[in-house]
Amino acid sequence: MSRDPFSLWVYLAQSPLLWLTVTLFVYAIADAVSIWTHRHPLANPVLHSIWIIGAFLHLTNTSYTTYFGGAQFVHFLLGPATVALAVPLYENRKVVASAILPMLVALAVGSVTAVASVVLLAEAAGLPREVVLSMAPKSVTAGVAMGISESLHADPSLTAVAVVLTGIMGAITVTPLMDRIGVTDFRARGFAVGIAAHGIGTARAFQVDTVAGVFASIAMGLNALVTSLLVPLAVTFLLR
Amino acid sequence: VIASLSLILLCQLAGEAFVRGVGLPMPGPVIGLMLLLCLLLMRDRFALLARGPLQGQDIERTGVERTGVESASRGLLANLSLLFVPAGVGVVQKIDLIVNHGIAFLGVLAISVLITLAATVATFILASRLMTRGEQRP
């Protein structure tokens, strides 16, 4: 046993074990609360995990690099999880195949709305040009959005912030909004959240309904494709 | 479980290699997804492929829960939210960026999300209604 508790902390704080454990432990609690509240939108496990862990890192003066040393094992699984989306897609292939036309129309309208609404609103709110450009790709998955942001000479880290916030907002608002306007078609609900709120929205959709999750993941993928073509175009048109 | 995970990783690896090799502007895992989907579809066509992680038994036909790559994938996707936590924590670290731009930044994102959700869902439902009506007429 170490006689000095501080040296034990210094040792543990540098090891991946501690930060991997913290990530899984905090998420397990946040998810348990989410299940306990019957997946209440405001009990979103991503939202609560990130602020609790963020506050913990701040209190212990731990750098993100040190934290990521442990958390990278979880982050890595995003790739395999993307491949794994093939299974629900395969199992629901008949439902998907019968909805190709509505999906394509909704994709076109949704992608344009996502980009145009944020650019126009941000301009109207008087945000600086660089911030507006950084916000434009906020509805697509972080990796793609940061690439788009870079190609516009905007600020990729501000884009990442906008992407994660958008994802969480979409995941929280989708259920109350859809219930309010009386949409019971889980294909449409899932597709909308996939377009508006990428992976975090898709994760929410899978918690609610598998069909919604499948449509959300298709929407997320297609939107990443369309948005990377659309944003440079939209920016030249809307920001004249 | 190990065999199923290997199959998933193998698909991702092939996807990454393909993307790098051809120089496609696409994430490798997306190609991996398509590869796994093709394998699952081919499994139904050719009995030869239906072994190991791809053996896939239908719960309706045999009463046995699907095993192999199906259950491994379901396990991964059931905890999809968890996988966004490490990147999300990075955003909390950049909280000063949000504070700098204040309420307008958050407000614009929130309104844009609501508009996007509503526009997409309305279009989807309208298009699917028009389609079913078109099918009924002839």
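Quick caveat: nothing in here was measured; it's all calculated off a predicted structure.

### Let's talk about the overall build of chain A
Assigned secondary structure in chain A consists of 13 helices and 0 strands. From first element to last, N terminus to C terminus, chain A shows the α and β order α-α-α-α-α-α-α-α-α-α-α-α-α. Taken against the 2.2 N^0.38 rule, which gives 18 Å for 240 residues, the C-alpha radius of gyration of chain A at 20 Å falls within 12% of a compact globule. For chain A, the spread of C-alpha atoms along the principal axes amounts to about 65 × 45 × 30 Å.

### Quick notes on the overall build of chain B
What chain B contains, in helices and strands, is 6 helices and 0 strands. Starting at the N terminus and walking to the C terminus, you meet the elements of chain B as α-α-α-α-α-α. Within chain B, buried positions represent 41% of all 138 residues. Look at the contacts in chain B between residues 6 or more apart in sequence, and 32% of them connect residues 24 or more apart. Total accessible area on chain B stands at roughly 7700 Å², and carbon and sulfur atoms take up 67% of it.

### Some details on the packing of aromatic side chains
Residues and elements named next belong to chain A. Following the criterion strictly, the structure yields 7 aromatic pairs over all chains and no others. Arranged with centres 6.2 Å apart and planes meeting at 70°, the rings of W19 and Y67 form a pair that is edge-to-face. Of this pair, W19 sits in helix α2 (residues 16-36) while Y67 sits in helix α4 (residues 64-76), placing them 48 residues apart in sequence. Aromatic pair Y64 and F68: ring centres 5.7 Å apart, planes at 40°, arrangement tilted. Pair noted here: Y64 and F68 are both in helix α4, with a separation of 4 residues, about one helical turn. Taking the relative accessible area as the measure of exposure, F68 reaches 25% and is therefore partly exposed. Taken together, the ring pairs connect W9, W19, F56, Y64, Y67 and F68 into an aromatic cluster. Positioned above the aromatic ring of Y90, the side-chain terminus of R93 is 4.3 Å from the ring centre.

### Thoughts on the nonpolar core
Ranked by size, the top nonpolar core spans 109 residues in total, and within it A:M135, A:F191, B:L36, B:F105 and B:L117 carry the most contacts. Considering every element that reaches this core, the biggest residue donor is helix α11 (residues 156-180) of chain A, with 13 residues. If sequence neighbours within four positions are ignored, B:L36 has contacts with A:V83, A:A86, A:V87, B:L7, B:C11 and B:V69.

### Topic: the confidence of the model for chain B
Residues and elements named next belong to chain B. Of the residues in chain B, 88% have a pLDDT of 70 or more, and the chain-wide mean is 84. The least confident element of chain B, judged by mean pLDDT, is helix α3 (residues 59-62) at 50; the most confident is helix α1 (residues 2-22) at 91. Reported confidences for the modelled complex are a pTM of 0.88 and an ipTM of 0.89.

### Focus on empty space enclosed by the protein
All names here are of chain A. In the structure shown here, the tally under the stated rule is 1 cavity of 30 Å³ or more. In terms of lining, the largest cavity is formed by V174, T175, F186, R189, G190, V193, R204, A205, V208 and A212. Counting residues per element, the lining of the largest cavity draws most heavily on helix α12 (residues 186-208), at 7 residues.

### Focus on the interface of chain A and chain B
Many analyses report the size of an interface as the accessible area lost when the parts associate. Contact residues are listed per partner, giving 88 residues for chain A and 63 residues for chain B. Buried area between chain A and chain B, summed over both chains or domains, comes out near 6500 Å², and the portion from carbon and sulfur atoms is 83%. Counting every contact that joins chain A to chain B gives 2 salt bridges. With a shortest N-O distance of 3.6 Å, B:D44 and A:R93 are connected by a salt bridge.

About the criteria used
Residues numbered from 1 in each chain as written. Chains lettered and ligands numbered in written order. Predicted model: local features only at pLDDT ≥ 70, side-chain atom pairs only at ≥ 80, totals over all residues. Heavy atoms only, no water. Helix = DSSP H or I, 4+ residues; strand = E, 2+ residues; numbered from the N terminus. Rg over C-alpha atoms; globule rule 2.2 N^0.38 Å. Buried < 20%, exposed > 50% of the residue type's maximum accessible area, 1.4 Å probe, protein only. Contact = heavy atoms within 4.5 Å. Areas by Shrake-Rupley, 256 points an atom, 1.4 Å probe, with all protein chains shown as cover. Phe/Tyr/Trp six-rings, centres within 6.5 Å; stacked < 30°, edge-to-face > 60°. Lys NZ or Arg CZ within 6 Å of the ring centre and 35° of its normal. Core = buried A, V, L, I, M, F, W, Y, C linked by side-chain atoms within 4.5 Å. pLDDT = per-residue confidence, 0-100. 1 Å grid on protein atoms, 1.4 Å probe; cavity = no way out; pocket = protein on both sides within 12 Å on 5 of 7 lines; lining within 4 Å. Points joined across faces, edges and corners; volume = space filled by probe spheres on them. Buried area = accessible area lost by both parts, 1.4 Å probe. Salt bridge = Lys/Arg side-chain N within 4 Å of Asp/Glu carboxyl O.

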